[in-house]
Amino acid sequence: MCHGGGQSPDLSAGWSYDELMDGGYVDTEFPCSSVIYEIFSGSHSDRATEEDILTILGWIDEGAKDN
Ligand code: HEM
């Protein structure tokens, strides 16, 4: 609904991985500095659960694989 193509990054299936990686939203060297993590302590503080945010951080920690 929010990032289905209208608003960057496009997080729809099949697009999300390349959008996140090519768009520079993910920093595998400093995961906590990743835009997709930092936004949850800013404009997106109410848009994901604590568990979601930890899942995203864990994914980046594991090298942000296309899995
Ligand atoms: C209620 C659902 C959501 C709405 C309405 C929404 C809307 C927006 C809007 C308007 C922006 C551009 C301005 C801003 O940075 O705030 C934005 C940026 C962004 N959103 Fe969302 N969003 C939603 C949920 C999410 C979720 C669940 C994620 C991640 C899993 C996400 C990831 C991002 C990212 C990475 C940016 C780019 C921030 C930047 O460039 O600094 N959004 N979103």
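Residues numbered from 1 in each chain as written. Predicted model: local features only at pLDDT ≥ 70, side-chain atom pairs only at ≥ 80, totals over all residues. Heavy atoms only, no water.

What the protein chain contains, in helices and strands, is 3 helices and 0 strands. Along the protein chain, helices and strands appear, N-terminal first, in the series α-α-α. For 67 residues, the compact-globule estimate of 2.2 N^0.38 gives 11 Å, and the C-alpha radius of gyration of the protein chain, at 11 Å, lies within 12% of that figure. A principal-axis box enclosing the C-alpha atoms of the protein chain has dimensions of 30 × 25 × 20 Å. Carbon and sulfur atoms provide 51% of the accessible area of the protein chain, an area that totals close to 4,700 Å². (Helix = DSSP H or I, 4+ residues; strand = E, 2+ residues; numbered from the N terminus. Rg over C-alpha atoms; globule rule 2.2 N^0.38 Å. Areas by Shrake-Rupley, 256 points an atom, 1.4 Å probe, with all protein chains shown as cover.)

Looking along the chain, the bond that leaves Ser-8 and enters Pro-9 is cis, with omega of -10 degrees. Mapped onto the elements, Pro-9 comes out in the segment before α1 (16–22). Phi is positive for Ala-64, which is not a glycine, with a value near 50 degrees. In this structure, Ala-64 sits in the segment after α3 (50–61).

In this section: the side chain of Ser-34. Topologically, Ser-34 is positioned in the loop between α1 and α2 (35–38). Here the side chain of Ser-34 touches Asp-27 through a polar contact of 2.8 Å, landing on its backbone nitrogen. In this structure the side chain of Ser-34 is engaged in a polar contact, spanning 2.8 Å, whose partner is the backbone oxygen of Pro-31. (Polar contact = N/O pair within 3.5 Å; in protein donor to acceptor, adjacent residues only side chain to side chain.)

Read these as layout, nothing more, since geometry by itself doesn't imply function.
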